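Okay, here's what each chain looks like letter by letter:
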Amino acid sequence: NAEYMGKLELFDDVCCRFSSSRFDTMVSAHDLFMWLIWKPRWLLFNLLHFRSWRKQHRGQFFYVPGDGKLQTVTAESCPKKTDNSVRFVCISDTHFCHHLIDIPPADVLVHTGDILAQDRGSKASRSGWTQLQQFNHFLGTLPCKYKVIIGGNHDGIIQERGYDAVSKLFSNATYLEYNSTSVFGINIYGSPGSINGGSGNKAFQYPYHSPPTQLNDVPLNTHILLSHCPPAGFAGGCKKLSAIDDTIRPQYHVFGHIHGGHGTRREKHTTYINAASLDRRYLPTHLPIVFDFDLDSISSDSACFE
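This one's a predicted model, so the numbers in the text were calculated from it and none came from an experiment.

1. Description of the environment of threonine 247
Turning to its location among the elements, threonine 247 is positioned in helix α6 (residues 239–248). Residues threonine 247 and valine 218 lie 29 residues apart in sequence; the distance between their C-alpha atoms is 9.8 Å. At a separation of 3.0 Å, a polar atom in the side chain of threonine 247 contacts the main-chain carbonyl oxygen of alanine 243.

Right, here's the structure in full:
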């Protein structure tokens, strides 16, 4: 089935980085050894490690207080939000392991791309589209009133099918692709792009010195910026996104892409959140990150631009 195919694609991407075309050529003795002997042991070790980790951390997530320093909490121990605040939960780079992540209750869930494991558009269009449908069903089961999502470089089928078709598919979420939405009066802009690197998954990617022109039109009244790529100052970061942060001064900038950068940082007017859910080994050991958006801050931010 499609879910099983997704796991095979994840194993392919993590363990051997083979493209589908490579199976049409003769496999070397070294590759055969890696596939039949070493890689299964490596995969088994990591699965056992994750099973132990999940047992210890089930139901936990990170909470971001005003100082931006993460606190490990549960739904019971998390500070209660005020009546005039909106609770967000952030995830990213789930790579079709979303069902292994414990999502806490929130008003809004944001996902900043790489929904799929290894999807390169037409080469995996059948399984990719089915997996997006399954992900949409998963979103409908979450304890969050609104869901806002963007694509990433692993989501080739999203770029291939186009904004209109993908927006229609995601009946349980708002899909952003270089545009904005508003929830509870909070303006959210989404950019799926990332800098072209060494990955074979290149959806929405662009050269380092040639960011997409759509980024010239990010609204000044954006309160939360979602991007798959980090801004400059973070590993794999984009200077254009950093310049946007300096100009529009969003209260939060949520991104992913770089699995090893999971965490938060507070600088000037903005709290930066790398919400990548999978670690460097592609195991979902990074907890979701939750923050409370103070609605009173919207009016004060608006006054700064008058």
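Once the structure has been displayed, the description carries forward.
2. What to know about the packing of aromatic side chains
Inspection of the entire model under this criterion finds eleven aromatic pairs. Here the aromatic rings of phenylalanine 234 and phenylalanine 255 are separated by 5.2 Å at their centres, their planes lie at 65 degrees, and the arrangement is edge-to-face. Placement of phenylalanine 234 in the loop between β11 (224–227) and α6 and of phenylalanine 255 in strand β12 (residues 252–255) is noted, with a sequence separation of 21 residues between them. You can call phenylalanine 255 buried: its relative accessible area is 1%. Members of the aromatic cluster, joined through ring pairs, are Phe135, Phe138, Tyr163, Phe170 and Tyr175. Here the basic side chain of arginine 161 rests over the ring of tryptophan 129, its NZ or CZ set 4.4 Å away from the ring centre.

3. Overview of α6
Taken as a whole, α6 has its buried residues at Leu241, Ser242, Ile244, Asp245 and Ile248. Within α6, the buried residues cover an arc of 155 degrees as seen down the axis, which keeps them to one side. Turned more than 90 degrees from where α6 packs its buried face, Lys239, Asp246 and Thr247 sit exposed. The inward-facing, buried residues of α6 abut β11, β12 and β14 (270–274). At the exit of α6 stands arginine 249, carrying a positive phi of roughly 50 degrees.

4. Considering the sheet that holds strand β3 (residues 85–91)
Reading across from one edge, β2-β1-β15-β3-β4-β5-β6 is the order of the seven strands in this open sheet, with mixed pairing throughout. The strands lining the two open edges of the sheet, one partner per strand, are β2 (71–74) and β6 (174–175). Both strand β4 (residues 106–112) and strand β5 (residues 144–150) contribute to a ladder of six bridges, which runs parallel. Looking at the pairing, histidine 111 lines up with isoleucine 149 of β5.

5. Quick look at the pairing of strand β8 (residues 186–191)
With six of six residues buried, β8 lies mostly within the body of the structure. The alternating pattern of β8 places Ile186, Ile188 and Gly190 on one face and Asn187, Tyr189 and Ser191 on the opposite face, and all of these are buried. Where strand β7 (residues 179–183) meets β8, five bridges bridge the pair, whose relative direction is antiparallel. When the sheet's bridge partners are listed, serine 180 is paired in β8 with tyrosine 189. Pairing between β8 and β11: four bridges, direction parallel. Among the inter-strand pairings, serine 191 is bridged to a residue of β11, identified as serine 227.

6. Structural notes on the nonpolar core
Within the largest apolar cluster, 31 residues are counted, with the highest numbers of intra-cluster contacts made by Ile103, Leu132, Leu139 and Phe170. Element by element, the count of residues in this core is highest for helix α3 (residues 125–140), at five residues.

7. Examining the sheet that holds β8
Sheet strands line up and pair through hydrogen bonds in the backbone, either parallel or antiparallel. Sheet architecture is open: six strands sit in the order β7-β8-β11-β12-β14-β13, paired in mixed fashion. Only two strands of the sheet have a single partner each, and these edge strands are β7 and β13 (263–267). Taking the axes of each pair of neighbouring strands and ignoring which way they run, one obtains an average angle of 20 degrees across the sheet. Pairing of β13 with β14 involves five bridges; the strand directions are antiparallel. Bridge pairing in β14 links glycine 263 to asparagine 274. Each of β11, β12 and β14 touches α6; the most contacted strand, β11, lies at about 175 degrees to it.

Conventions and cut-offs
Residues numbered from 1 in each chain as written. Predicted model: local features only at pLDDT ≥ 70, side-chain atom pairs only at ≥ 80, totals over all residues. Heavy atoms only, no water. Helix = DSSP H or I, 4+ residues; strand = E, 2+ residues; numbered from the N terminus. Polar contact = N/O pair within 3.5 Å; in protein donor to acceptor, adjacent residues only side chain to side chain. Phe/Tyr/Trp six-rings, centres within 6.5 Å; stacked < 30°, edge-to-face > 60°. Buried < 20%, exposed > 50% of the residue type's maximum accessible area, 1.4 Å probe, protein only. Lys NZ or Arg CZ within 6 Å of the ring centre and 35° of its normal. Arc of directions from axis to C-beta. Contact = heavy atoms within 4.5 Å. Pairing = 2+ DSSP bridges. Core = buried A, V, L, I, M, F, W, Y, C linked by side-chain atoms within 4.5 Å. Axes fitted to C-alpha atoms, helices over the stretch in contact; angles between N-to-C directions.

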